[in-house]
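Reading the structure
So you can see what is in the structure, the chains are spelled out below.
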Amino acid sequence: MRPPETGSRANLYLALGAIGVALVLALVWVPLDSGSGLIVKVRRQVTIGDALAPTLAAGMIAIGGLLLLFQRGAEGQGGLSRANLAFLLRFLLLCAAGFAIMRWAGPLAVAGANLVSDETLSYRTLRDTAPWKYIGFFLGGTFLIAGMIVQIEGRLSRRAVVIAVLAVAALIALYDLPFDDLLLPPNGDV
């Protein structure tokens, strides 16, 4: 058996790291942070529990790690370079900015509305009413998706923004519209 190459070793560490993160998410963080299980059954009514979405996300991370683990020996894989680390840093900064937009856009919009309105509005009371509940998710999600496309393509394009807007609108249609008691992130924490 030949020793693993540098690129293969980097992919092994990345795969094991992804699997480890997925296990910590699914077995530690989700149970400690969720108020209910995966599925909640109350008086013969079945609803999605708080733990379902993050558990599915952890499962996807684990699947990605397993796929990378089994693909390790593929030809043409290089090692970890400065360009890889710079890409990762830009990606993490993009995520931090997108999540900050997602968290603060709604409350800032309400604060702006309070400046021109006679009544005093509170984001906490408006966080489950349209259009307020969509502001942070839409702006932050569009920024994240368009930003990732821009980072990969190396330029801003109308196509990237349209894809981002359509993807976020599809997520809203899939996750918010069918469920009456589901709050889009980060509205549950505000």
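Presented here is a report on the structure given in the accompanying data block. (Residues numbered from 1 in each chain as written. Predicted model: local features only at pLDDT ≥ 70, side-chain atom pairs only at ≥ 80, totals over all residues. Heavy atoms only, no water.)

**A closer look at the overall build of the chain**
For the chain, the helix and strand inventory stands at 6 helices and 2 strands. Walking the chain from its N terminus toward its C terminus, one meets helices and strands in the order α-β-β-α-α-α-α-α. Expressed as a percentage of the 190 residues in the chain, the buried residues total 26%. In the chain, the share of contacts with a sequence separation of at least 24, taken over all contacts with a separation of at least 6, comes to 62%. Summing over all exposed atoms, the chain offers an accessible surface of approximately 12,900 Å²; the carbon and sulfur share of this is 68%. (Helix = DSSP H or I, 4+ residues; strand = E, 2+ residues; numbered from the N terminus. Buried < 20%, exposed > 50% of the residue type's maximum accessible area, 1.4 Å probe, protein only. Contact = heavy atoms within 4.5 Å. Areas by Shrake-Rupley, 256 points an atom, 1.4 Å probe, with all protein chains shown as cover.)

**Some thoughts on helix H3 (residues 82–116)**
For H3, with 35 residues, the first-to-last C-alpha span of 49 Å sits near the 51 Å given by 1.5 Å per residue. Along its length, H3 reaches its greatest deviation from straightness, about 40°, at tryptophan 104, and the proline proline 107 lies no more than four positions downstream. Those residues of H3 lying buried are Leu94, Cys95, Gly98, Met102, Ala105, Gly106, Pro107, Val110 and Ala113. In this fold, the buried residues of H3 make contact with helix H4 (123–126) and helix H5 (132–153). (Expected span 1.5 Å × (residues − 1). Bend = angle between axes of the 7 residues up to and from the residue.)

**A closer look at the pairing of strand S1 (residues 39–42)**
Each regular strand shows side chains that alternate between the opposite faces of the sheet. Where S1 lies against strand S2 (residues 45–48), 4 bridges are found, and the strand directions are antiparallel. Note on S2: the bridge partner recorded for lysine 41 is valine 46. (Pairing = 2+ DSSP bridges.)

**Topic: the packing of H5 against helix H6 (residues 158–175)**
In contact at an axis separation of 8 Å, H5 and H6 are set at 140° when each is read in the N-to-C sense. What the angle tells us is that H5 and H6 run oblique. When you trace H5 past H6, the crossing you get is right-handed. On H6, the residues that touch Tyr134, Phe137, Phe138, Gly141, Thr142, Ile145, Ala146, Ile149 and Glu153 of H5 are Arg159, Ala160, Val161, Ile163, Ala164, Val165, Ala167, Val168, Leu171 and Ile172. Of the residues that constitute the contact of H5 with H6, the class distribution is 15 nonpolar, 2 polar and 2 charged. (Axes fitted to C-alpha atoms, helices over the stretch in contact; angles between N-to-C directions. Parallel < 35°, antiparallel > 145°, perpendicular 65-115°, else oblique. Left-handed = near helix turned anticlockwise from the far one by under 90°. Nonpolar A, V, L, I, M, F, W, Y, C, P; charged D, E, K, R; others polar.)

**Notes on the pattern of salt bridges**
For the structure shown, the criterion picks out 3 salt bridges. One salt bridge connects aspartate 176 with lysine 133, and the closest N-O pair in it is separated by 3.1 Å. On the criterion of sequence distance, the pair formed by aspartate 176 in the segment after H6 and lysine 133 in helix H5 is long-range, its members being 43 residues apart. For aspartate 176, a relative accessible area of 4% gives the class buried. Counted as one network, the salt bridges with shared partners bring together Asp128, Lys133 and Asp176. (Salt bridge = Lys/Arg side-chain N within 4 Å of Asp/Glu carboxyl O.)

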